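Residue-level listing of the chains:
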Amino acid sequence: MKKSLLALLCLLSLALACGCAEGGNESPSLPESGSTAPSTEETLPQDVSSAPEEISPPLEESFQAPSAEDSSEEISEEVSEESEEEPMYTDKGDAEFIPSGYLLYNGAAYSQTHYNHETAGKYADVYAEYAKTFPGVGIHVINMPASVINIENPFVQERVNDQGTVLDQNEAHIHGDVNFVNLKETFLAHRGEYLFFKSDFHWTQLGAYYAYEAFAKSVGLTPTPLSDFETEVTTDTFIGLTNTYANDPRINSFYDTIHVYWPTKEHTMAVYLSDMSLYRTYKNCIQTSIKTYSCYLTGDQAYIEINVPENDQNKTVLVIKESSANAFVPFLTEHYGNIIVIDPRHVMLDVKKIVKEKGVDDIILFAPASTCTRDAYCNYYKRLIGK
């Protein structure tokens, strides 16, 4: 009996085991709400698994990522084509801005200036006042651009004030019967030539010639070709005054060459002191015994009269200037019988009286573009006409 009962229990256990095995073939049920899904972090790239699901939408079925080989080939072709069309200029050379505001580049010290809307407007008003005060007299304005206009390197140009734009902005203020001689296009056309000294903030006489050429054309005169002037090198070891302001000893190694362009017509130059006493008379307005920028007009003199017997004695120009005009004035001997030069830093005269007594035909108000950021010369100009 016991044996039969034991056999029956064994048969029942075997049947239950087989039933559990058949039930294992059923599909698993979905997890209940709130249950945790199995982690798939091991099979996902790290950047995808860590990103929120809403900013990682699934890729469209039609998208096929290129293989690594194909991708690199396509990218290299795109870069090559872009480089050919728009090469990136990144060669800054040895350009260095020093604390004084000067730029040292390619063995030269460069100056730049900026535009001042308010001050430029004041100068334009004074120019217009000259035109109103002297009807029938040509009023001309010449601004020497800062030397950075002569740098060709586009990498450097992107990092300085656009001097051509500064000139355009100054000109935009001009009103009344005033001739503003904008030197922008002239200097851009000759960019890269020896237009400015490396160690001095003045232009060379070559730069001054191009300004004269632009002025002459603006007033209907035919400029004397550059090739007609005899030239002479007075020194090739000139060190200018830039370091006086820049305070960088490297500038003292930027040696310059001074070229002079001899006027084609004989003339005399009388130099007067601040008290209007005659200092000395010269047979030429260029003195090569002076081995600096002061060889032109013998430097910044209070009052100068130049006479050119060969030219019309009834044709007179008055130049109210600072030192940048010194290299420019000699070219005026090509056209005017009489040239009067006033430096208002050293003498304050009655320009109304001079214009009347000397029969002045043209007045040139001459200064660097940088002066239009400060009131000093604006005040000089006003005082000269009693304003």
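Worth saying up front: this structure is predicted, and the values here are computed from it rather than measured.

*Asks:* Which parts of the structure should I look at to understand unusual backbone geometry?
*Replies:* With glycine set apart, most residues show a phi of negative sign, and most peptide bonds adopt trans. Located in the positive-phi region is N106, a residue other than glycine, with phi close to 55 degrees. With respect to the element layout, N106 can be found in the loop between β2 (103-105) and β3 (108-110). Note on N106: relative accessible area 58%, which makes it exposed. Phi angles above zero are rare outside glycine, and M276 is one such case at about 70 degrees. In this structure, M276 sits in the loop between β8 (268-272) and β9 (278-282).

*Asks:* Looking at this model, I keep getting lost on the nonpolar core. Mind explaining?
*Replies:* The nonpolar side chains of a soluble globular protein tend to be buried, and buried together. Formed by 51 residues in total, the largest nonpolar core has its most connected members in W203, I306, V319, F328, L332 and I364. If you list the elements that add at least two residues to this core, you get β4 (138-144), α8 (205-218), β7 (256-262), β8, β10 (303-307), β11 (316-320), β12 (338-342) and β13 (362-368). If you tally residues by element for this core, the top one is α8, at nine residues. If near-sequence neighbours (up to four positions away) are discounted, F328 is found in contact with I142, W203, A208, A211, Y212, F215, I364 and F366. V126, V137, I139 and A367 belong to the second largest nonpolar core, which has 36 residues in total.

*Asks:* How should the confidence of the model for the chain be read in this particular structure?
*Replies:* Predicted coordinates in areas of low pLDDT are best not read in detail. Mean pLDDT over the chain stands at 82; residues scoring 70 or higher make up 76%. Counted against residues more than four places away or in other chains, residues 1-90, with its pLDDT under 50, gives nine contacts.

*Asks:* How should the sheet that holds β2 be read in this particular structure?
*Replies:* By definition, the strands of a sheet pair up through backbone hydrogen bonds, in either a parallel or an antiparallel sense. Strand order in this open sheet of three strands is β1-β2-β3, and the pairing throughout is antiparallel. Bordering the open sheet on either side are β1 (96-97) and β3, each of which pairs with just one other strand. For β1 and β2, the ladder comprises two bridges, and the chain directions are antiparallel. Considered in β2, the bridge of E96 is made with L104.

*Asks:* What is the right way to look at the pairing of β11 in this model?
*Replies:* Successive side chains on a regular strand alternate, one facing one side of the sheet and the next facing the other. Counting buried positions along β11 yields five of five residues, so the element is predominantly enclosed. Of the two faces of β11, both are covered, the one formed by T316, L318 and I320 as well as the one formed by V317 and V319. Bridge count between β11 and β12: five bridges; the pairing is parallel. Bridge pairing in β12 places L318 opposite I340. With four bridges joining them, β11 and β13 adopt parallel strand pairing. Paired with L318 across the two strands is I363, which belongs to β13.

About the cut-offs
- Residues numbered from 1 in each chain as written.
- Predicted model: local features only at pLDDT ≥ 70, side-chain atom pairs only at ≥ 80, totals over all residues.
- Heavy atoms only, no water.
- Helix = DSSP H or I, 4+ residues; strand = E, 2+ residues; numbered from the N terminus.
- Buried < 20%, exposed > 50% of the residue type's maximum accessible area, 1.4 Å probe, protein only.
- Core = buried A, V, L, I, M, F, W, Y, C linked by side-chain atoms within 4.5 Å.
- Contact = heavy atoms within 4.5 Å.
- pLDDT = per-residue confidence, 0-100.
- Pairing = 2+ DSSP bridges.

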